[in-house]
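What follows is each chain in one-letter form.
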Amino acid sequence: MKYSKAESIFPEELLLIIQQYVQGELVYIPKPKEAHSKWGENTRSKSMVSARNAEIKSLYRGGVSMRELSDRYFLSHESIKKIIYKKD
């Protein structure tokens, strides 16, 4: 998070209004909800997890046991189960 001086960002009239509520403190101003990114949109994480999950499903359909998948991918038995039975 970047620190910015209010005097260099806000018009003087707005700064005077803000000062009626808070002075000399740090205030976090969040992004609007529509500007938020969903998990994995800014990195390759989402696509990598999707590819891994598709591989897990394919191996399971090919006869690899849940226990073996759990050991191979370092995931709990429950996580493997959720991946296998999740409807896409």
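Refer to the structure above for everything that follows.
Parameters and conventions
- Residues numbered from 1 in each chain as written.
- Predicted model: local features only at pLDDT ≥ 70, side-chain atom pairs only at ≥ 80, totals over all residues.
- Heavy atoms only, no water.
- Buried < 20%, exposed > 50% of the residue type's maximum accessible area, 1.4 Å probe, protein only.
- Helix = DSSP H or I, 4+ residues; strand = E, 2+ residues; numbered from the N terminus.
- Arc of directions from axis to C-beta.
- Contact = heavy atoms within 4.5 Å.
- Salt bridge = Lys/Arg side-chain N within 4 Å of Asp/Glu carboxyl O.
- Patch = residues over 30% accessible without salt bridge, like charges linked within 9 Å, V, L, I, M, F, W, Y side chains within 5 Å.
- Areas by Shrake-Rupley, 256 points an atom, 1.4 Å probe, with all protein chains shown as cover.
- Polar contact = N/O pair within 3.5 Å; in protein donor to acceptor, adjacent residues only side chain to side chain.
- Axes fitted to C-alpha atoms, helices over the stretch in contact; angles between N-to-C directions.
- Parallel < 35°, antiparallel > 145°, perpendicular 65-115°, else oblique.
- Left-handed = near helix turned anticlockwise from the far one by under 90°.

A word on helix H4 (residues 66-73)
Given 3.6 residues to a turn, an α-helix orients residues that are three or four positions apart in the same direction.
Next up, step 1: Of all the positions in H4, only Met66, Leu69, Ser70 and Tyr73 are classed as buried. The buried side chains of H4 occupy one side of the element, clustering within an arc of 100° when seen end-on. Opposite its buried face, H4 presents the exposed residues Arg67 and Asp71, each directed more than 90 degrees away.
Next up, step 2: Tucked inside the fold, the buried residues of H4 contact helix H3 (45-61) and helix H5 (77-85).
Next up, step 3: Phi turns positive one or two residues past the end of H4, at Phe74, with a value near 55°.

Focus on the pattern of salt bridges
Next up, step 1: Considering all chains together, one arrives at two salt bridges under this definition.
Next up, step 2: Between Arg72 and Glu68 there is a salt bridge, with the nearest N and O atoms lying 3.1 Å from each other. Of the two residues, Arg72 and Glu68 both sit in helix H4, four residues apart, roughly one turn of that helix.
Next up, step 3: Among the residues examined, Arg72 registers a relative accessible area of 40% and is labelled partly exposed.
Next up, step 4: On the basis of relative accessible area, Glu68 is assigned to the partly exposed category, the value being 39%.

A short note on the environment of Ile80
Next up, step 1: Tracing the backbone through its elements, the reader meets Ile80 in helix H5.
Next up, step 2: On the basis of relative accessible area, Ile80 is assigned to the buried category, the value being 0%.
Next up, step 3: Linking Ile80 and Ser65, residues 15 residues apart in sequence, is a C-alpha distance of 10.0 Å.
Next up, step 4: Setting aside its immediate chain neighbours within four residues, Ile80 contacts Ile56, Met66, Leu69, Ser70 and Leu75.

Quick look at a nonpolar patch on the surface
Next up, step 1: A cluster of nonpolar side chains, contributed by Leu14, Ile17 and Tyr21, occupies part of the molecular surface with about 340 Å² of accessible area.
Next up, step 2: Mapped onto the elements, Tyr21 comes out in the loop between helix H2 (12-19) and H3.

Here we look at the side chain of Ser70
Next up, step 1: By the element assignment, Ser70 lies in helix H4.
Next up, step 2: With relative accessibility at 12%, the residue Ser70 sits in the buried group.
Next up, step 3: There is a polar contact of 2.3 Å between the side chain of Ser70 and the backbone oxygen of Leu75.
Next up, step 4: When neighbours within four sequence positions are excluded, Ser70 is seen to be in contact with Leu75, Ser76, His77 and Ile80.

Quick word on the packing of H4 against H5
Next up, step 1: Packing of H4 against H5 brings their axes to within 9 Å, and their N-to-C directions diverge by 110°. One finds that H4 runs roughly perpendicular with respect to H5. The hand of the H4/H5 crossing is right-handed. Of the residues in H5, those in contact with Met66, Leu69 and Ser70 of H4 are His77, Ile80, Lys81, Ile84 and Tyr85.

In short, shape yes, function no, at least from these values alone.
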